[in-house]
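# Chain and residue survey
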Amino acid sequence: MTSTKPLNEYSITEAARALRAHECTVRELWDACMTAAQARNAELNAYLELFAPDEDAITAAQKRIDTEGEAAPALCGIPLAIKDNILIKGQIASASSKMLANYEASYDATVIEKLKAAGALFLGRVNMDEFAMGSSTEHSAYGPSRNPHDPSRVPGGSSGGSASAVAANMAIAALGTDTGGSIRQPAAHCGLVGLKPTYGAVSRYGAIALGSSLDQIGPLTKTVADTKVLFDTLRGQDERDSTTTSEGFYASRTQGNTLRIGVPRSFIEGVDADVKTAFEETLTRLEAAGHTLVDIELPTSTYALPVYYVIMPAEASTNLSRYDGIRYGLAKRGATLLDDYIESKTEGFGSETQRRILLGTFVLSSGYIDAYYRKAEAARNVLRAEYGTAFESCDVIAFPTTPSPAFKFGEKTNDPVAMYLEDIFTVTANLTGMPAISVPMGMVKREESTLPIGIHFTAAHGEEETLFKIGAAVTGEALY
Ligand code: GLN
């Protein structure tokens, strides 16, 4: 069946099929994405940089498809967008910060090695909130990205450039990173599927660190099937990241295709009325398809956000201390060594980054570490235990991904706490290390715009397959 859809609008699975059926070439697919990116990037600012085509990689991918056919990896010849905090050898990786404006990666991240081995191609590096701190890309040092569904609104963040690029069909799919929701929230705001894998499922080697006990790299894609393709390619143990887990972990313990969906209704009272309606309608549809709804309580969830905003800045302040103007990053010279530090950090870091460094340094300081950091770690353990208990009575836990659809530029920039509330449903998966997915669940109206919203599912550690099952049930994909 020949599709009349423009090539850049293809999903990974559609493009892989078209390449094998010789309906298009790798070069044509690359050109379609690149042309779309060149046409729309001035408006959307999704890409910080578009790369020149790697002719050798394009030729090699085409040859592999021609000779291996179905046996060639699904990602062979597929053009992707890569978040600016994931290292590609020889390319700049700035984490959207002035601090790393000229930093050229001297090695490939493990995920990039794996994508190269599969024959994937890289269109460019995409915008993000500085060092992945934020929910809108408004904290990028290079200007915000825009939401293709309404360019007066944010695409979400911090992987907002990834989401904007894929939603505007300027890439077939993208990689992002997720420390507290940075893949799932922009996926929800842009109508995409986004996965935060189990902590340790995907190597963090070559990802610029933010919160090391929370960070994971993952995909933003047009379909659940595409997310599965990317996850299966990226995951696996890596001796260069000692927190990665072994392959055998991913044999799903969930039997059959009908799942028990835990719904913590008391926790979602604050969401917008139309988001709540769409959420309930989606659950009703899943119930009609044979899934079971289970009422659950997660009383500690109300503390997840404050716990996250203690632990995450603590880890960020530690990770960012290396950018001191001496060892790494922008180097300014003052009258004394202290002036060197102050001038480099003042000029190199944006205001949100500085705020988090201050917060993190405060909660780790000797007078306050017990009151804040250690208490937050204790609460994190309670949260983990509570989720563990919940998964005795259900296979997945459902929330809306965000309380509201994409907001307008400037709406939350003067109120950090309002911005932090964007993450209320997403941070727990990072604190517990559990995998979580956001899948489109419909559209809502705001003023003149029709905007996508997402449904969010969390599963027990290593249960990505279960998330793909429930995600496919929502999108209607015949995956299982
Ligand atoms: N929005 C969250 C924050 O600002 C999440 C960031 C992330 O996941 N990288 O910290």
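These figures come from a predicted structure and were not determined experimentally. Along each chain, the written sequence defines residue order, and numbers are assigned to residues from 1. Where local features are concerned, this predicted model is filtered to residues with pLDDT of at least 70; where side-chain atom pairs are given and counted, the filter is 80 or more; whole-chain, interface and lining totals use all residues. Excluded from the side-chain calculations are hydrogens and water; all other atoms, namely the structure's heavy atoms, are used.

## What to know about the overall build of the protein chain
Check the secondary structure of the protein chain and you find 15 helices and 11 strands. Note on method: radius of gyration uses C-alpha positions; expected globular size equals 2.2 Å times residues raised to 0.38. Taking 23 Å as the expected radius of gyration for a compact globule of 480 residues, we find that the protein chain reaches 21 Å, a close match to that expectation. Taken along the three principal axes of its C-alpha coordinates, the protein chain extends 65 × 55 × 50 Å. When the accessible surface of the protein chain is summed, it comes to about 17,800 Å², and 53% of that surface belongs to carbon and sulfur atoms. Secondary structure counts use DSSP, requiring at least four H or I residues in a row for a helix and at least two E residues in a row for a strand, with both numbered from the N terminus. Accessible surface area values rest on a Shrake-Rupley calculation with a 1.4 Å probe, where residue burial reflects the displayed protein chains alone.

## Details of helix α5 (residues 160-167)
Only protein chains enter the accessibility calculation, which uses a 1.4 Å probe; a residue whose area is less than 20% of its type maximum is buried, one above 50% is exposed, and one in between is partly exposed. Judged by how many residues are buried, α5 sits mostly within the fold: 7 of 8 residues are covered. Of the residues making up α5, those classed as buried are G160, G161, S162, A163, S164, A165 and V166. After α5 finishes, the residue N169 shows a positive phi value of roughly 55 degrees.

## Focus on the site of the ligand
Proximity is defined per residue: any heavy atom of the residue falling within 4 Å of a molecule or strand makes that residue near it. Contacts to the ligand come from 16 residues, most closely from A132, T179, G180, S182 and Y308. G180 has a polar backbone atom sitting 2.6 Å from an oxygen atom of the ligand. A distance of 3.3 Å separates an oxygen atom of the ligand from a polar atom in the backbone of G181. Here the ligand, which alone exposes 290 Å², has 100% of that area covered by the protein. In terms of residue count, the dominant contributor to the shell around the ligand is helix α9 (residues 304-320) (3 residues). By the criterion applied in these results, polar contacts are pairs of N or O atoms within 3.5 Å in which, for protein atoms, one can donate a hydrogen and the other can accept it, and in which residues neighboring in sequence qualify only through two side-chain atoms.

## Here we look at the nonpolar core
Y47, L115 and F457 are the most contacted members of the largest nonpolar core, which has 102 residues in total. The biggest single contributor to this core is helix α2 (residues 26-44), with 8 residues. Whether two residues are in contact is decided by their heavy atoms: any pair within 4.5 Å suffices. Each residue touching Y47, except ones within four places of it in the same chain, is listed here: A37, N41, A81, L123, G124, R125, V126, A165, M170 and A171. Within the second largest apolar cluster, 36 residues are counted, among which are A93, M99, A304 and L305. Only buried Ala, Val, Leu, Ile, Met, Phe, Trp, Tyr and Cys residues count toward a nonpolar core, and they belong to the same one when joined by side-chain atoms within 4.5 Å.

## Re the packing of helix α4 (residues 110-117) against helix α7 (residues 224-234)
Two packed helices can be described by the angle between their axes and the distance between those axes. For helices, the axis comes from a line fit to the C-alpha atoms of the stretch in contact; other axes are also lines fit to C-alpha atoms, and the angle between any two N-to-C directions lies between 0 and 180 degrees. Viewed as axis vectors pointing N to C, α4 and α7 meet at an angle of 110 degrees, and their least axial separation amounts to 9 Å. Looking at the two axes, α4 sits roughly perpendicular to α7. For the pair α4 and α7, the sense of crossing is right-handed. Packed against α4, whose contacting residues are V111, K114 and L115, the element α7 presents L230, T233 and L234 at the interface. Oblique is the label for every angle not falling under 35 degrees (roughly parallel), over 145 degrees (roughly antiparallel), or within 65 to 115 degrees (roughly perpendicular). Helix crossings get a hand from a simple test, with the near helix turned counterclockwise from the far one by less than a right angle marking a left-handed crossing and a clockwise turn marking a right-handed one.

## Some words on a nonpolar patch on the surface
Each patch is built from residues that are more than 30% exposed by relative accessible area and take part in no salt bridge. Like charges join if they lie within 9 Å; nonpolar side chains (Val, Leu, Ile, Met, Phe, Trp, Tyr) join within 5 Å. A pair is scored as a salt bridge if a Lys or Arg side-chain nitrogen falls within 4 Å of a carboxyl oxygen belonging to Asp or Glu. Together, I326, L337, L338, Y341 and I342 make up a nonpolar patch on the protein surface, roughly 460 Å² of accessible area in all. The topology assignment puts I342 in helix α10 (residues 337-348). On the basis of relative accessible area, I342 is assigned to the partly exposed category, the value being 44%.

## Some thoughts on the packing of aromatic side chains
Between 30 and 60 degrees the pair is tilted, below 30 it is stacked and above 60 it is edge-to-face, where a pair is any two Phe, Tyr or Trp rings, Trp via its six-membered ring, whose centres lie within 6.5 Å. Overall, the coordinates contain 14 aromatic pairs when judged by the stated rule. Ring centres of Y323 and Y328 lie 6.2 Å apart, and the angle between their planes is 70 degrees; this geometry places the pair in the edge-to-face category. Overall, the relative accessible area of 6% leaves Y323 in the buried class. The structure contains a cluster of three or more aromatic residues connected by ring pairs, namely F131, Y323, Y328 and F349. Sitting over a ring, as applied to charges here, requires NZ of Lys or CZ of Arg to be within 6 Å of the ring centre and within 35 degrees of the ring normal. The ring of F407 carries K412 above its face, with NZ or CZ at 4.7 Å from the centroid.

## Examining the packing of α2 against helix α3 (residues 55-68)
Packing of α2 against α3 leaves a shortest axis separation of 9 Å and a crossing angle of 130 degrees. By the angle class used here, α2 and α3 are oblique. When α2 is examined against α3, the residues V26, R27 and W30 are found in contact with a partner set consisting of E55, I58, A61, Q62 and I65. A breakdown of the residues in the contact of α2 with α3 according to their chemical character gives 5 nonpolar, 1 polar and 2 charged. Here the nonpolar group is Ala, Val, Leu, Ile, Met, Phe, Trp, Tyr, Cys and Pro; Asp, Glu, Lys and Arg are the charged ones; every other residue, Gly included, is treated as polar.

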